[in-house]
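Take a look at the letters that make up each chain.
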Amino acid sequence: MADYQQRNTAPRFEVLVFHTRTGNVLAELDYSALSFDEQLNAGGTATITCPLDAATGRDTWDDRSPAYVLRGIISGPWRFSLAIVWGNTVAWAGPLVSPVPALSGVELKCSTLWALFGRRRLMTYAAVDPASLSATVSFTGRSLAGIARGIVEHATAEYGRELPLDYLPVTVDGDHERTYHGYDYKPVDEALRQLSEVIDGPDIDFRPVLVRTATGEQIRWQVRIGQPELGDPAAPLIWDQGAGLVDMSFDVDGSRMCSYVAVPGDGQENAKTFGTAYSNELVDAGWPALEDANSDHSSSTNRDELDAYAAAHLAAYKRPLVARSATIDPAVYPGLDVWRLGDWGEFHLSDNPFVDGPQRARITGSSYSDGRIKLELTGTLAEV
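Residues numbered from 1 in each chain as written. Predicted model: local features only at pLDDT ≥ 70, side-chain atom pairs only at ≥ 80, totals over all residues. Heavy atoms only, no water.

> Would you mind showing me how to read the state of the cysteines here?
In a disulfide, the sulfur atoms of two cysteines are held together by a covalent bond. According to the stated counting rule, one finds zero disulfides in the structure shown. With no disulfide of its own, Cys110 has Cys50 as its nearest cysteine by sulfur position, at a separation of 9.1 Å. In this structure Cys110 comes out as buried when scored by relative accessible area, which is 3%. (Disulfide = S-S within 2.5 Å. Buried < 20%, exposed > 50% of the residue type's maximum accessible area, 1.4 Å probe, protein only.)

> Hey, could you run me through the sheet that holds strand S12 (residues 204-213) in this one?
Adjacent strands of a sheet pair through backbone hydrogen bonds, lying either parallel or antiparallel. Across the sheet, three strands lie side by side as S10-S13-S12; this open sheet has mixed pairing. Here the strands that pair on one side only, and so sit at the sheet edges, are strand S10 (165-167) and S12. The average angle at which neighbouring strand axes cross in this sheet is 30°, direction not considered. Bridge count between S10 and strand S13 (residues 216-225): three bridges; the pairing is parallel. Bridging across to S13, Tyr167 finds its partner in Val223. Strands S10, S12 and S13 of the sheet are contacted by helix H3 (residues 144-155), whose axis makes an angle of about 160° with S10. (Pairing = 2+ DSSP bridges. Helix = DSSP H or I, 4+ residues; strand = E, 2+ residues; numbered from the N terminus. Axes fitted to C-alpha atoms, helices over the stretch in contact; angles between N-to-C directions. Contact = heavy atoms within 4.5 Å.)

> How should I be thinking about unusual backbone geometry in this particular structure?
Residues other than glycine predominantly adopt negative phi, and peptide bonds predominantly adopt the trans conformation. For the bond from Gln227 to Pro228, the omega torsion is 0°, close enough to zero to count as cis. For Pro228, the location among the structural elements is in the loop between S13 and strand S14 (237-240). A cis amide bond links Tyr333 with the next residue in sequence, Pro334, at an omega value of 0°. With respect to the secondary-structure elements, Pro334 resides in the loop between strand S19 (321-328) and strand S20 (344-348). One non-glycine residue, Asn41, lies in the positive phi region at around 65°. Taking relative accessible area as the criterion, Asn41 reaches 12% and is therefore assigned buried. Backbone geometry places Asp200, a non-glycine residue, at a positive phi of 60°. Here Asp200 is to be found in the loop between helix H4 (188-197) and S12.

> Got a minute to help me understand the packing of aromatic side chains in this structure?
The geometry of an aromatic ring pair comes down to the distance between the two centres and the angle between the two planes. Counted by the stated rule, this structure contains nine aromatic pairs. Note on Phe13 and Tyr368: the rings are 5.0 Å apart at their centroids and 85° apart in plane angle, and the pair reads as edge-to-face. With Phe13 in the segment before strand S1 (14-19) and Tyr368 in strand S21 (residues 359-369), this pair connects stretches of sequence that are 355 residues apart. Phe13 sits in the buried class, given a relative accessible area of 4%. (Phe/Tyr/Trp six-rings, centres within 6.5 Å; stacked < 30°, edge-to-face > 60°.)

> Whenever I open this one, H4 confuses me. Can you help?
Think of an α-helix as 3.6 residues a turn; residues three or four steps apart then line up on the same face. Burial runs high along H4: seven of the ten residues are buried. Looking at H4, one finds that the buried residues are Val188, Asp189, Ala191, Leu192, Gln194, Leu195 and Ser196. Against the buried residues of H4 lie helix H2 (113-117), H3, strand S11 (176-180), S12 and helix H6 (303-317).

> Is there a simple way to think about H3 in this case?
The terminal C-alpha atoms of H3, which comprises twelve residues, lie 17 Å apart, in line with the 16 Å expected from a rise of 1.5 Å per residue. In terms of burial, H3 is a largely internal element, ten of the twelve residues being buried. (Expected span 1.5 Å × (residues − 1).)

> Would you mind showing me how to read the environment of Glu107 here?
Mapping Glu107 onto the fold places it in strand S8 (residues 105-111). Take Glu107: its relative accessible area is 28%, and that puts it in the partly exposed class. For the pair Glu107 and Thr22, spaced 85 residues apart in sequence, the C-alpha separation works out to 24 Å. Ignoring sequence-local partners within four residues, the contact set of Glu107 consists of Thr47, Ile48, Thr49, Ser98, Pro99 and Val100.

> Looking at this structure, how should I read the nonpolar core?
The nonpolar side chains of a soluble globular protein tend to be buried, and buried together. Phe13 and Leu29 are the most contacted members of the largest nonpolar core, which totals 46 residues. Looking at which element gives the most residues to this core, the answer is strand S6 (residues 80-86), with four residues. Each residue touching Phe13, except ones within four places of it in the same chain, is listed here: Tyr31, Leu34, Phe36, Ile84, Val85, Trp86, Ala91, Leu336 and Tyr368. By size, the runner-up hydrophobic cluster in this structure holds 45 residues, among which are Phe139, Leu144, Ala145 and Val263. (Core = buried A, V, L, I, M, F, W, Y, C linked by side-chain atoms within 4.5 Å.)

> I keep staring at the sheet that holds strand S18 (residues 291-293) and nothing clicks. Help me out?
Read across the sheet, three strands follow the order S17-S16-S18 without closing on themselves; strand pairing throughout is mixed. Since the sheet does not close on itself, it has two edges, and those belong to strand S17 (274-278) and S18, each with one partner. Recorded for the sheet is a direction-independent mean angle of 15° between the axes of neighbouring strands. Of the strand pairs in this sheet, strand S16 (residues 260-264) and S17 are connected by five bridges, and their pairing is antiparallel.

So, in structure tokens, the structure goes:
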């Protein structure tokens, strides 16, 4: 547990460099500035600015000069990853994508593991030709969480695609199925994100952890898959205004509201496959009928699958969205070593004219800069 006595003091992070495929820590970096963000089911980015003498080698680099180590790091996008660590907690980790060296130092731009999965395609690689029938990947008799796990396992099963992953338990068996054709050349991150968007689709989070042993350090990712959601609404974490809660903002958005939604699939003209969903709940209460379309699934020919996407879209947008964000002090409990994406929080405000009572919501995104963390919150939609 971190020391929470130093209130209003920004945490001092440690930046570690590790080999993406093994997780083995190779170096530590000093830095002059850093920021990072992450979204549930969507990944995130980090930017770390380092001076030229910032690198201290470890493991196979322990006898190398700072200049040698730094040159090695910036020459290895994707090969090397960076972890932002606070005590024993990894606040953020992901592959280095774009190093930007300059005369005074280097800016390291990184992305989460979702970006790496965006560079892998859901197909049988032994088939080589994506158009081959043998390139098709199918999952049958599985839960949605089980399909998500199967997608990740498939994407990391062959030589060069291995990653230091640990799977948290899920119920794999169920009555769902998915077929991914090689000719669609679908990115793995897109397949996972689409799976999370259907009704009862699972939350998916790759949570980095630090493993310290007598022989060295390793960064690994816990594969956290919800059934369907991560987090427990019955056990929210508490933030109080004037203590850990620094600020809270609200945004009501009705721009995507709809009472009917169509999801077009594959096909032409009258042979085109559609999924649809509608609700007259607000129309009966006096709202005008509002229609929308979701064109993100145009390659599908499965009407049941398209209907599920339509139902999920309608559930998300039939009422105005209430976006909330909370700015918190990461050095005050509950801090970085306590909450995770998907957790529920309860935010106690004092004399606020816009709300009545504590605000309860899920943490679905976070970002860090200038000693503060901003939590993106999702909760009950606006009552009408």
